[in-house]
Every structure is written in structure tokens, then in C-alpha cells.
Number of protein chains: 2
Amino acid sequence: MGLKIGIFDSGLGGLTVLRELLNVSQGVEYYYLGDTARVPYGIRSKRTVIKYSLQCAQFLNKFEIDLLIVACNTASAHALETIKKNYPHLRVEGVILPAALEVANLKPSRVGIIGTPSTIGSGIYKKLIGRFLPNSKILQKATPLLVPLVEEGLNETPLAQEVLKHYLLEWENQIDLLVLGCTHYPLLEENIKRLFPRWEIVNSARPLAKALKPFLENKVNKPNKINLFFTDQSAFLESFLTHIGIRGEIERIEILRWEE
Amino acid sequence: MGLKIGIFDSGLGGLTVLRELLNVSQGVEYYYLGDTARVPYGIRSKRTVIKYSLQCAQFLNKFEIDLLIVACNTASAHALETIKKNYPHLRVEGVILPAALEVANLKPSRVGIIGTPSTIGSGIYKKLIGRFLPNSKILQKATPLLVPLVEEGLNETPLAQEVLKHYLLEWENQIDLLVLGCTHYPLLEENIKRLFPRWEIVNSARPLAKALKPFLENKVNKPNKINLFFTDQSAFLESFLTHIGIRGEIERIEILRWEE
């Protein structure tokens, strides 16, 4: 039997995490759930994020998965411990700790963190990185326009440059490394690099894939299989899949009808 | 017994409708429900918008209201008829028809409509206005960044100007009247007027209040009472209330715990 991995996100952003995992795995069955009927999580309270995250975990757990990945930074910030407590026999991984460890390895003296209002409000990135790098200066900022910017496919437009400058220009000479603390933001990475070529950039998808590589390696030499579930139809799904370059076999795309 | 009016919206935007109603009413008890746990509706499918709207109507109907106002353009576009069918003895009003009638009265020869992807996708504004003004040119456009822009309190910043120019500059000499087809957009009205002083602007809140004036007038000479319910805590509520200038007595603000 091959490995089965469940992944959930508030919407489409977590597909950037799936893409990184596909790059380092073979013969894995992926079950991805995007809660597009209630996206974005990043503007909601901790209580609501926990409630929604538990519903996502419950759905994915039915597929007898070996590993559950919380591919949403906001859900990782608020709900990871509650999910682990509810599923004590399931391995559960979030995106925040691997990203914070990656930052610690790079030892920057000045770090900037961007994310949704809810992730930044939790302070978890700042606390973790501060623990690993107690002598570094750490700045953080909520950047709520970036998710709709990516969702609207505006990431390559001049407007994206304007929005990024609005949020980040004041950090130009204040930081050496930027943490992209939201799974939507990798789609803006090239844009940020052009604007601020001096900065190192850590996105939260790659470090997780790197950390899981030993677990994913040496599996059966077969293509990955991908099952995609969403709680609502999304006008952006097709272009999003193409844009981020999801590879491997998509077995099915299903729109769920929850609570009916 | 005074009049009881229920109002619902996907989030905070519908408070601009409440404000217009407060301006023309006395002694009315208002019950406002903002579905902040699932905002925004404007990116969701028709089916999901109908489902959420029926849950909102059901909640407000418990207060024995005399009138239900669907203060969200997206819900008005997709769910109004279904709500009416489910509550045949309740007067139910949406925001789209009054706005379209207001446009018809002004007889512009070139009209532009902006709204959420879901409202614009429904084509309802274009269809209605086209029926009233068959010889007018009608353009429409989804402007999904405007809701998060307002929600983040960025409506008075230079970035707001950039975003508005991104969407609207190509219409500068193509339209004479702009319809703000989303209850968040009145907070950008002054900004739009500065950028495009030649345009007439119809927002969807004022025409509804005007249409309901005869129904609201001659009521008891007492202050209005306001009950506010939300499905999630919102970091923006206080500043939003101050910013739009909600007047009258706020009896209570309650965060609901649905589906638990």
C-alpha cells in the first residue's frame, strides 16, 4: 500500500504546498481539501478557525491517511494543537515550524514576517523565530490585500507592484530576510524578488517539503495520485492549477456539499 | 408596537444600508445580522450564496420582523427569489431593484456597473438597467479588490486611488454614471468622485432607503433601536461603525455561535 497524505487549506493557496510535495514524492495518494465556501480564514477569529479546521481534518481523516498537513498558515497558527489532540494517532504537520526552522538555519540578523491579519495577530512566527534567534530584530506585518490580489490573478500586474510597495517599501533597508507567512504568497515571490533583490525569501511551502523528504522518499516508483476536494466552486481553480504547475495525475476534482 | 426590520449582509458592508435607513426612520427596531464567519459572499457560487442567505433569513425571522432587507448585493442577486418563496408572508426587499430604478430615473446614456465577481457574474444589474434603458450603453466589471481595501480601512489612502484607477480609468470617457453594486463601495464614493468628478454615482443603499421612506415615515416619535449580530468577531467592527457614522441607540452587539 502506498502512502496517503491529507492536506487542507482555506482555499486554493495550499496548492502551492501540494506542488512542493509533488516535487519530492512518488507513488503518494494525495487528498487535498480547499474550504472555498469559507475562504479566507485569515480574517477570522481563532475560535472560528479552529472550528473550520476540525471539520476539514474530520473529512480528510476518513480516507485513512498516514499524514495530515495543515497547509494554511492561519490554521497552523490557531488549530494545529487542537487537531493533534483530537487525532492522537495521526501524524499532523503545519507549515509554520518548518519555515521558522529554515529561518533559524539562515541566521539573518533582521527578519520581516508578512501574513494574514489572523496569523500575524497570533504572533506565532515572531515568537518561534525569536526563540531560535534571540539576538535578531524581528518585524511583522499583516498584508490582507495580498490574498485577493493573488486570487484575482493580478500577481503579475503593475498593481501588484504598487500593493507590494505599499506594504514593504518601509522595510527595504530594515530587513535581510522576508518570511512569506501565507500559502498564497509564493505566487508573488518573483515580484518581491524584483522589487527587493537584496532580501532572502523563505516561503512556508518549501521548508515543509524539505522536512518531509526523508518520510516521502524510497516509496513505490509510481506517479503520484491527486484527489482535489473543494467546498464551493471556484472561478479561479483552473487558472490557479495551470499557473502554479501542479504535476502528476489528477484523479478527481469534486465539489462537496457540506451541511445540507 | 413599533416596526421591526431585519437586515442581513455577508459582513460589515450592509451597515451602510442601515445607516441610510436610520436617516429616514424613527422608533424602528433594527435587527442586523452580518455573516462575518463566511464573508465575503461575492466570490462564492450561487448555490452557496443561497444556502447562506436562507440561514440568515431564518435567524432574523425569529424576531417577528415586519420587513426583511437583503443588504448584500450578491445575496440580492442570487437569493432574493428563494427567500421570498420560503417566507411568503414576509415583505422582503433587496438592494438591486431600487438602484436600477434610480438609474432609470436619471436616464444616463452610458452606464458602468461595478460589483463583486458573483454579482457581476449574475448579470442582473445589466439586465434590469438594460430593460429600463434599452438605448443606453451598459458596461460592467467585477472589482474584487475593493471589498478587502475597505475592510482593511485603506479607503482614504493613495493605494485606494491606485486600485480605483486600475479598475476604472479605462471608463473615464466611456460612461456618464457609475453604479456602486456592492454595499462596501459607498466608503469609496468620495474617492471615486475626486478621481472622476464628471460621473454621476448611484450607490445601492440610498435608493432603497428612499423607496422605503413612505413605509418608514409617520412612526412613533422615539429613537431607533439597533441590535447587531455577527457570526464571528471582526477586528474592524468598531472602526467601521465610527467611520460610517451609525447613529441611534445600539442596544446590543452579539457574536453568535452557529452550528456548534
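These numbers were taken from a predicted model, which means no experiment stands behind them.

1. A short note on the overall build of chain A
At step 1: In terms of regular secondary structure, chain A is built from eleven helices and ten strands.
At step 2: For 260 residues, the compact-globule formula gives about 18 Å, and the C-alpha radius of gyration of chain A, at 17 Å, lands near that figure.
At step 3: The buried share of chain A, taken over its 260 residues, is 61%.
At step 4: A sequence separation of at least 24 residues applies to 78% of the contacts in chain A between residues at least 6 apart.

2. Considerations on the sheet that holds strand β2 (residues 29-34) of chain B
Residues and elements named next belong to chain B.
At step 1: On the basis of which strands lie adjacent, the open sheet formed by six strands has the order β4-β3-β1-β2-β9-β10 and parallel pairing. One side of each edge strand has no neighbouring strand; the edge strands of this open sheet are β4 (91-94) and β10 (249-255). Recorded for the sheet is a direction-independent mean angle of 15° between the axes of neighbouring strands.
At step 2: Bridging between strand β3 (residues 67-70) and β4 involves four bridges; their strand directions are parallel. Each bridged residue has a counterpart across the sheet, and for Ile69 the counterpart in β4 is Glu93.
At step 3: Helix-sheet contacts for helix α3 (residues 73-86) involve β1 (4-9), β3 and β4, and the interaxial angle to β4 is about 170°.

3. Digging into the relation of the copies chain B and chain A
At step 1: For these two chains of identical sequence, chain B goes onto chain A by a turn of 180° and a shift of 0.0 Å along the axis, with RMSD 0.0 Å. In the structure described here, the two chain copies are related by an operation that fits a two-fold rotation axis. Across chain B, the rotation axis passes nearest the C-alpha of Arg38 of chain B, at a separation of 2.5 Å.
At step 2: Most of the interface of chain B is mirrored in chain A, where 100% of its interface residues again form contacts.

4. Concerning the sheet that holds strand β4 (residues 91-94) of chain A
All names here are of chain A.
At step 1: Strand order across the open sheet formed by six strands is β4-β3-β1-β2-β9-β10, with parallel pairing between neighbours. Strand pairing shows two members of the sheet lacking a second neighbour, β4 and β10 (249-255), which therefore form its edges. Strand after strand, the sheet turns through a mean of 15° between neighbouring axes, direction not considered.
At step 2: With six bridges joining them, strand β2 (residues 29-34) and strand β9 (residues 225-230) adopt parallel strand pairing. Bridge pairing links Tyr30 to Ile226 in β9.
At step 3: The sheet contacts of helix α11 (residues 237-244) involve β9 and β10, and relative to β10 the element is tilted by about 155°.

5. Focus on a nonpolar patch on the surface
At step 1: Together, Leu97, Leu101 and Phe132 of chain A line one region of the surface with nonpolar side chains, adding up to about 250 Å² of accessible area.
At step 2: In this fold, Leu97 of chain A is placed in helix α4 (residues 96-106).

6. Here we look at the packing of helix α1 (residues 15-23) of chain B against helix α10 (residues 206-216) of chain B
Residue and element names in this part refer to chain B.
At step 1: Contact pair α1 / α10: the axes reach a minimum separation of 9 Å and the direction vectors enclose 40°. Relative to α10, the element α1 is oriented oblique. In terms of crossing hand, the pair formed by α1 and α10 is right-handed. Together, Val17, Glu20 and Leu21 of α1 and Arg206, Leu208, Ala209, Leu212 and Leu216 of α10 make up the contact between the two elements.

7. So, the packing of helix α4 (residues 96-106) of chain B against α10 of chain B
Residue and element names in this part refer to chain B.
At step 1: As a packed pair, α4 and α10 sit with axes 8 Å apart at the nearest point and diverge in direction by 95°. In terms of their interaxial angle, α4 and α10 are classed as roughly perpendicular. Contacts from Pro98, Ala99 and Glu102 in α4 reach Pro207, Leu208 and Lys210 in α10.
At step 2: By residue class, the composition of the contact of α4 with α10 is four nonpolar, no polar and two charged.

8. Comments concerning the interface of chain B and chain A
At step 1: Counting from both sides, the interface comprises 31 residues of chain B and, opposite them, 32 residues of chain A.
At step 2: Buried surface at the junction of chain B and chain A, both sides included, amounts to about 2,600 Å², of which 52% is carbon and sulfur.
At step 3: Considering only the surface of chain B that becomes buried against chain A, Arg47, Leu145 and Leu159 of chain B emerge as the three largest contributors, covering 19% of it.
At step 4: At the boundary of chain B and chain A, one finds zero salt bridges.
At step 5: On the surface where chain B and chain A come into contact, there are 14 residue pairs in polar contact (both at pLDDT 80 or more).

Conventions we followed
- Residues numbered from 1 in each chain as written.
- Chains lettered and ligands numbered in written order.
- Predicted model: local features only at pLDDT ≥ 70, side-chain atom pairs only at ≥ 80, totals over all residues.
- Heavy atoms only, no water.
- Helix = DSSP H or I, 4+ residues; strand = E, 2+ residues; numbered from the N terminus.
- Rg over C-alpha atoms; globule rule 2.2 N^0.38 Å.
- Buried < 20%, exposed > 50% of the residue type's maximum accessible area, 1.4 Å probe, protein only.
- Contact = heavy atoms within 4.5 Å.
- Pairing = 2+ DSSP bridges.
- Axes fitted to C-alpha atoms, helices over the stretch in contact; angles between N-to-C directions.
- Least-squares fit on C-alpha atoms with pLDDT ≥ 70 in both.
- Patch = residues over 30% accessible without salt bridge, like charges linked within 9 Å, V, L, I, M, F, W, Y side chains within 5 Å.
- Areas by Shrake-Rupley, 256 points an atom, 1.4 Å probe, with all protein chains shown as cover.
- Salt bridge = Lys/Arg side-chain N within 4 Å of Asp/Glu carboxyl O.
- Parallel < 35°, antiparallel > 145°, perpendicular 65-115°, else oblique.
- Left-handed = near helix turned anticlockwise from the far one by under 90°.
- Nonpolar A, V, L, I, M, F, W, Y, C, P; charged D, E, K, R; others polar.
- Buried area = accessible area lost by both parts, 1.4 Å probe.
- Polar contact = N/O pair within 3.5 Å; in protein donor to acceptor, adjacent residues only side chain to side chain.

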